[in-house]
Amino acid sequence: MTPQGNESARIVHRKSLGARIAARWQLYLLLLLPLLWLIVFAYVPMGGLVLAFKKYNAGLGIWKSPWVGLDNFRKFFTSYRFPQILRNTLTLSLYSLCTFPIPIIFALLLNSMRAERYKKVIQTVTYVPYFISTVVMVGIIYQLLDYRNGMYGALYTLFTGATAPNILADGKMFKHIYVWSGVWQSTGYNSIIYIAALAGADQELHDAAMIDGANRFQRLLYIDFPSILPTASIMLILRVGSIMSVGYEKTLLMQNDLNLAYSEIISTYTYKVGLASGITDFSLSTAIGMFNSVINFILLIIANFGSKKMSGEGIF
């Protein structure tokens, strides 16, 4: 094609693109606010990552503060608390990841129920805990598991006649309380996407399987489960990609002096170093957060590569 022809094709393409946008301007208008939010709150703050390589001075500002290179990272990696914090973060993250199949199993079992009335009741009851705020959720945990006045303490005393041990102050019990309270709170909500995927399963496959004599478990195993496998692969990749990002709000609220050695994680340590300590160190907290994000990004790439190799499904 001649240069003039190429230019004409580009003009036609630009006009057709403009015409398509004009024809659907309402949709692009709806996308404008989320796009602005993404730019302002996700991309613009990335400029602040330069703090990780500087010794921040409020009087000089971000850009004029002295450059220290990797000193902040060395300070974190050589800290006596680094092994403990990394171990606690990985323990909570991997423990939580082990509960990943629970919403899938719940969705498969719920989809197998024939009584629609009970099915809707169970859906509603299991969705509700997700909308409880973190502060209220931790308050419920403390009320239930209080070793003197809580349900746990009352039942323990009723059956044994002795005072219950204080499991909220037992560091070794922290991970179990954190993870399984999260399972109770989020299983119903996390199963929504799998229930939606099961609704899209081909009913003709079920009809054909029933004609061939397949029972309900066989149809669940060979029809329902494969239908949600691509969705489960994507969700697993996203979970692995955020494996280091344990929610700090719940962890921080559940911390006390007696379980701190088991409950201090990267996100709570970053918060304390940057905002809650007597002498705030914004540069160090930025370096810690950057380290956390880089590890998550690497894990996301590895998980996506492995998923594409094994199942052909990936997010990119």
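Cut-offs and rules
Residues numbered from 1 in each chain as written. Predicted model: local features only at pLDDT ≥ 70, side-chain atom pairs only at ≥ 80, totals over all residues. Heavy atoms only, no water. Helix = DSSP H or I, 4+ residues; strand = E, 2+ residues; numbered from the N terminus. Buried < 20%, exposed > 50% of the residue type's maximum accessible area, 1.4 Å probe, protein only. Contact = heavy atoms within 4.5 Å. Core = buried A, V, L, I, M, F, W, Y, C linked by side-chain atoms within 4.5 Å. Salt bridge = Lys/Arg side-chain N within 4 Å of Asp/Glu carboxyl O. Expected span 1.5 Å × (residues − 1). Bend = angle between axes of the 7 residues up to and from the residue. Phe/Tyr/Trp six-rings, centres within 6.5 Å; stacked < 30°, edge-to-face > 60°. Lys NZ or Arg CZ within 6 Å of the ring centre and 35° of its normal.

Student: Please give an account of the side chain of T286 that cites residues and values.
Tutor: Among the secondary structure elements, T286 is positioned in helix 17 (residues 282-310). What makes T286 buried here is its relative accessible area of 17%. Residues within four places of T286 in sequence aside, it is in contact with G48, L49, L51 and A52.

Student: Summarise the nonpolar core; cite the residues concerned and give the values.
Tutor: Counting 17 residues, the largest nonpolar core has L92, I141, I177, Y178 and M254 as its most contacted members. Sorting the residues of this core by element identifies helix 5 (82-98), helix 8 (134-145) and helix 10 (171-190) as the ones contributing at least two each. Per-element tally for this core: the top contributor is helix 10, with five residues. In this structure I141 touches L168, I177, S181, K250 and M254, once residues within four positions along its chain are discounted. F82, I266, I288 and L300 belong to the second largest nonpolar core, which has 16 residues in total.

Student: Explain the pattern of salt bridges to me, and be specific about the residues and the numbers.
Tutor: A full pass over the atoms with the stated rule returns five salt bridges. Among the salt bridges present, the one from K75 reaches D281, with a minimum N-O distance of 3.3 Å. Highlighted residues: K75 in helix 4 (residues 71-77) and D281 in the loop between helix 16 (266-276) and helix 17, separated in sequence by 206 residues. Its relative accessible area of 46% is what places K75 among the partly exposed residues. D281 gets classed as partly exposed once you look at its relative accessible area, which sits at 22%.

Student: Can you explain helix 2 (residues 25-43)? Please cite residues and give values.
Tutor: With 19 residues, helix 2 should cover 27 Å at 1.5 Å per step; its first-to-last C-alpha distance of 25 Å lies within 8% of that length. For helix 2, the principal kink sits at L32 and spans about 30 degrees; a proline, P34, occurs within the next four residues.

Student: Help me get a handle on the packing of aromatic side chains, residues and values and all.
Tutor: Using the criterion set out here, one finds 17 aromatic pairs in the structure. Between F76 and Y269, the ring centres sit 6.2 Å apart and the planes meet at 25 degrees, which makes this aromatic pair stacked. Of the two residues, F76 is situated in helix 4 and Y269 in helix 16; the sequence distance between them amounts to 193 residues. In this structure F76 comes out as buried when scored by relative accessible area, which is 3%. The buried category is assigned to Y269, whose relative accessible area is 13%. Ring centres 6.2 Å apart and planes at 50 degrees place the aromatic pair Y152 and Y156 in the tilted group. On the criterion of helical spacing, the pair formed by Y152 and Y156 is a turn pair, its members being four residues apart in helix 9 (residues 151-160). Judged by its relative accessible area of 32%, Y156 is partly exposed. Counting every residue linked through ring pairs, the aromatic cluster contains F76, F77, F82, Y269 and F291. One residue, K250, lies across the ring of Y178, its end atom 4.8 Å from the ring centre.

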